[in-house]
Amino acid sequence: MGRPHHGELSPGVDPVALQGALTWARERYERCDVCATDCKVNRHAGELGHCRLGVQGRVYKEYLHLGEERSLVPSHAIYLAGCNLRCVFCSDWGPVVHPERHGAELTPEALAQRVAKRLLEGARNVNFVGGLPDVNVLYILETLAHCPPDTHVVWNTNLWTTEEAIDRLTGVVGTWLADLKFGSDRCAKRLAGVDGYTERLHRLLPLAARSGELLVRHLLMPGHLECCTRPALEWLRQNVPEATVNLMTAYHPFALKSSRGPMSGSVEPQELKESLALFESLDFPNAMIDGEPVHGTAPGL
Ligand code: SF4
């Protein structure tokens, strides 16, 4: 499958890659290690790992999204319950922590019909989000088996996953829409509860760049310019220069809003100014701020 050129999204799903990925995911759910959490539970037998998901996905929202990155819209966003991180500033805490209480089980066939309908309405792609697609991988692949073959798949992920998963999804995923949230392991541990964050993300982001189109989001967080934003952006510029990088400035504390502490506020104007200056100084070939291309050269324009 060829890489996309600027101004277009790559072709759809390679049927051979899809069949291989389906076989892989079905097998791996028996001792689940399809994401970095590596729970080793048998999801076919109803055992629950950290994501608390069975085999069937739970869809809690789906619509034609006009607010994603300019190069992706209109995008058919499908929100699947369940995740493997517990970010304190999460926007969808309920569906993440208690997937069984949110949304409804839709069969893969029914979801594929919804995808076909949204494509007719003008969607340029199907965008699996959540929650997280990685922990719903088998359900998504079973859905794609019933979708039009030219469907472009956007994988909206925290990239808390494995080399093997990226490899198996190559030819299925067209665009990796990945977060690089933290620039330090200390912040990743404190804010999302995981160890070894930077080593894993630094290993996987170049693989995602080789696997398909890569669009990386970095969300500014209050008080995290030096520990997270600066090292994350500098690493991206040096190591995956082909990626489109979207700096997101609209931090919102969501569940933390009524609490106290640095993460319950917003990014101060001075910190925003310094972050934007840093971003500009790094001169990314394909840069976005809040989803809008900076130089007018980002893919899809
Ligand atoms: S997908 Fe869920 S059960 Fe499987 S390893 Fe990840 S968190 Fe654990």
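Placed above this text is the structure.
The paragraphs below set out a description of the structure included in this document.

Rules of the game
Residues numbered from 1 in each chain as written. Predicted model: local features only at pLDDT ≥ 70, side-chain atom pairs only at ≥ 80, totals over all residues. Heavy atoms only, no water. Pairing = 2+ DSSP bridges. Helix = DSSP H or I, 4+ residues; strand = E, 2+ residues; numbered from the N terminus. Contact = heavy atoms within 4.5 Å. Axes fitted to C-alpha atoms, helices over the stretch in contact; angles between N-to-C directions. Buried < 20%, exposed > 50% of the residue type's maximum accessible area, 1.4 Å probe, protein only. Expected span 1.5 Å × (residues − 1). Core = buried A, V, L, I, M, F, W, Y, C linked by side-chain atoms within 4.5 Å. Arc of directions from axis to C-beta. Polar contact = N/O pair within 3.5 Å; in protein donor to acceptor, adjacent residues only side chain to side chain. Right-handed = clockwise from strand over helix to strand, strands pointing away.

Bringing the sheet that holds strand 1 (residues 58–65) into the picture now. Taking strand neighbours across the sheet as the criterion, the 10 strands line up as 3-1-2-4-5-6-7-8-9-10 in an open arrangement whose pairing is mixed. On the outer flanks of this sheet lie strand 3 (104–105) and strand 10 (292–293), each paired with one strand and no other. The strands touched by helix 8 (residues 225–239) within the sheet are strand 7 (213–219) and strand 8 (244–248), with strand 7 carrying the most contacts at an inclination of about 165°.

Of note, alanine 145 is situated in the loop between helix 4 (137–144) and strand 5 (153–157). Judged by relative accessible area, alanine 145 falls into the partly exposed class, the value being 41%. Taking the C-alpha atoms as reference, alanine 145 lies 9.0 Å from leucine 22; in sequence the two are 123 residues apart. Sequence-distant contacts of alanine 145, defined by excluding residues within four places in its chain, comprise Leu18 and Leu22.

This brings us to helix 8. In an α-helix there are 3.6 residues to a turn, and that puts residues three or four apart on one side. An ideal rise of 1.5 Å per residue puts 21 Å on 15 residues; helix 8 measures up with 20 Å between its terminal C-alpha atoms. Inspection of helix 8 places Leu225, Cys228, Thr229, Ala232, Leu233, Trp235 and Leu236 among the buried residues, and these make up the whole buried set. Looking at the buried residues of helix 8, the elements they touch are helix 6 (185–192), helix 7 (197–211), strand 7, strand 8 and helix 9 (269–282).

Another point: the nonpolar core. Residues Phe182, Leu205, Leu214 and Leu236 are the most contacted members of the largest nonpolar core, which totals 86 residues. With 5 residues, the next largest nonpolar core counts Ala77, Tyr79, Ala81 and Val129 among its residues.

Here helix 3 (residues 108–120) is 13 residues long and its end C-alpha atoms lie 18 Å apart, about the 18 Å a rise of 1.5 Å per residue gives. Considered for burial, the residues of helix 3 that qualify are Pro108, Leu111, Ala112, Val115 and Arg118. On an axial view of helix 3, the arc spanned by its buried residues comes to 120°, and they lie on one face. Facing away from the buried side of helix 3 by more than 90 degrees, the exposed set consists of Gln113 and Leu120. For helix 3, the elements touching its buried residues are strand 1, strand 2 (75–80), strand 4 (126–130) and helix 4. Of the residues one or two after helix 3, glycine 122 is the one with positive phi, at around 120°.

This next bit is on the side chain of aspartate 179. Its location among the elements puts aspartate 179 in strand 6 (residues 175–179). The exposure class of aspartate 179 is buried, given its relative accessible area of 15%. One polar contact links aspartate 179 to lysine 181, side chain to side chain, over a distance of 3.4 Å.

Taking burial as the measure, the 5 residues of strand 6 include 5 buried ones, the bulk of the element. Burial of strand 6 is two-sided: the residues Thr175, Leu177 and Asp179 facing one way and the residues Trp176 and Ala178 facing the other way are all buried. Bridge analysis of strand 5 against strand 6 gives 4 bridges, and the strand direction is parallel. Note on strand 6: the bridge partner recorded for asparagine 156 is leucine 177. Read as a crossover between parallel neighbours, the route from strand 5 over helix 5 (residues 163–169) to strand 6 is right-handed. In terms of strand pairing, strand 6 meets strand 7 through 5 bridges, oriented parallel. Residue pairing in the sheet places aspartate 179 in a bridge with arginine 217 of strand 7.

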